[in-house]
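A closer look at the structure
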Amino acid sequence: MSEHYENHAKEVANAFLGMLDGQVRDGISEAHRNELAMLVEAAISTAVLEQLEHAADEIDGLSKRLRNYAERYDKASKNQ
């Protein structure tokens, strides 16, 4: 995944860890911190890909409507 998502995931994980009591935070290993960042990164990636799919579906629908309009327009101008 992009470095941007990775960095953002680390920031989110660190922000969450910053909300914890110091004693609790100290009890979380570096491995668990890394796992948390990976989970956040996966969530970001999934959300972005879902939105890209939605945008692609919107573009596909618009393309079909535009083609349909163009075909009707072309037929109408030939009949005049």
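Reading guide: rules and limits
Residues numbered from 1 in each chain as written. Predicted model: local features only at pLDDT ≥ 70, side-chain atom pairs only at ≥ 80, totals over all residues. Heavy atoms only, no water. Helix = DSSP H or I, 4+ residues; strand = E, 2+ residues; numbered from the N terminus. Expected span 1.5 Å × (residues − 1). Buried < 20%, exposed > 50% of the residue type's maximum accessible area, 1.4 Å probe, protein only. Arc of directions from axis to C-beta. Patch = residues over 30% accessible without salt bridge, like charges linked within 9 Å, V, L, I, M, F, W, Y side chains within 5 Å. Areas by Shrake-Rupley, 256 points an atom, 1.4 Å probe, with all protein chains shown as cover. Salt bridge = Lys/Arg side-chain N within 4 Å of Asp/Glu carboxyl O. Phe/Tyr/Trp six-rings, centres within 6.5 Å; stacked < 30°, edge-to-face > 60°. pLDDT = per-residue confidence, 0-100. Axes fitted to C-alpha atoms, helices over the stretch in contact; angles between N-to-C directions. Parallel < 35°, antiparallel > 145°, perpendicular 65-115°, else oblique. Left-handed = near helix turned anticlockwise from the far one by under 90°. Contact = heavy atoms within 4.5 Å. Nonpolar A, V, L, I, M, F, W, Y, C, P; charged D, E, K, R; others polar.

The next thing to look at is helix α1 (residues 3-19). Here α1 is 17 residues long and its end C-alpha atoms lie 25 Å apart, about the 24 Å a rise of 1.5 Å per residue gives. Residues of α1 that are buried include every one of A9, A13 and L17, and no others. Projected down its long axis, α1 shows its buried positions confined to an angular sector of 75 degrees, all on one face. Counted as exposed and oriented over 90 degrees from the buried face of α1: H4, E11, N14, G18 and M19.

With that out of the way, let us pick up a nonpolar patch on the surface. A contiguous nonpolar patch, built from L66, Y69 and Y73 and spanning about 380 Å² of accessible area, is present on the exposed surface. Of note, Y73 is situated in helix α3 (residues 30-78).

The tally for this structure, following the rule as stated, stands at one aromatic pair. Measuring from ring centre to ring centre gives 6.2 Å for Y69 and Y73, while their planes differ by 25 degrees; the resulting arrangement is stacked. Within this pair, Y69 and its partner Y73 are both found in helix α3, separated by four residues, close to a single helical turn.

With that settled, the discussion passes to the pattern of salt bridges. Taken as a whole, this structure holds two salt bridges when the rule is applied. A salt bridge links K10 to E6; the shortest N-O distance between them is 3.4 Å. Residue K10 and its partner E6 are both found in helix α1; the two are separated by four residues, about one turn of the helix. A relative accessible area of 32% places E6 in the partly exposed class. Here D60 and K64 are joined by a salt bridge, their closest N and O atoms 3.2 Å apart. Note that D60 and K64 are positioned in helix α3 at a spacing of four residues, about one turn of the helix.

To continue, consider the confidence of the model for the chain. Low-confidence regions, as indicated by low pLDDT, have predicted coordinates that should not be scrutinised in detail. In this model, the chain carries a mean pLDDT of 92, and residues with pLDDT of at least 70 account for 96%. Here α3 stands out as the element of the chain with the lowest mean pLDDT, 93, in contrast to helix α2 (residues 22-26), whose mean of 95 is the highest.

Each pair of packed helices can be described by the angle between their axes along with the distance between the axes. It is at 8 Å that the axes of α1 and α3 come closest, and there the two elements cross at 125 degrees. Viewed along their axes, α1 and α3 adopt a mutual orientation that is oblique. You can see that α1 and α3 cross each other, and the crossing is right-handed. Here Y5, E6, H8, A9, K10, V12, A13, F16 and L17 of α1 come into contact with α3, specifically with R33, L36, A37, V40, E41, I44 and V48. Taken together, the residues that form the contact of α1 with α3 break down as eleven nonpolar, one polar and four charged.

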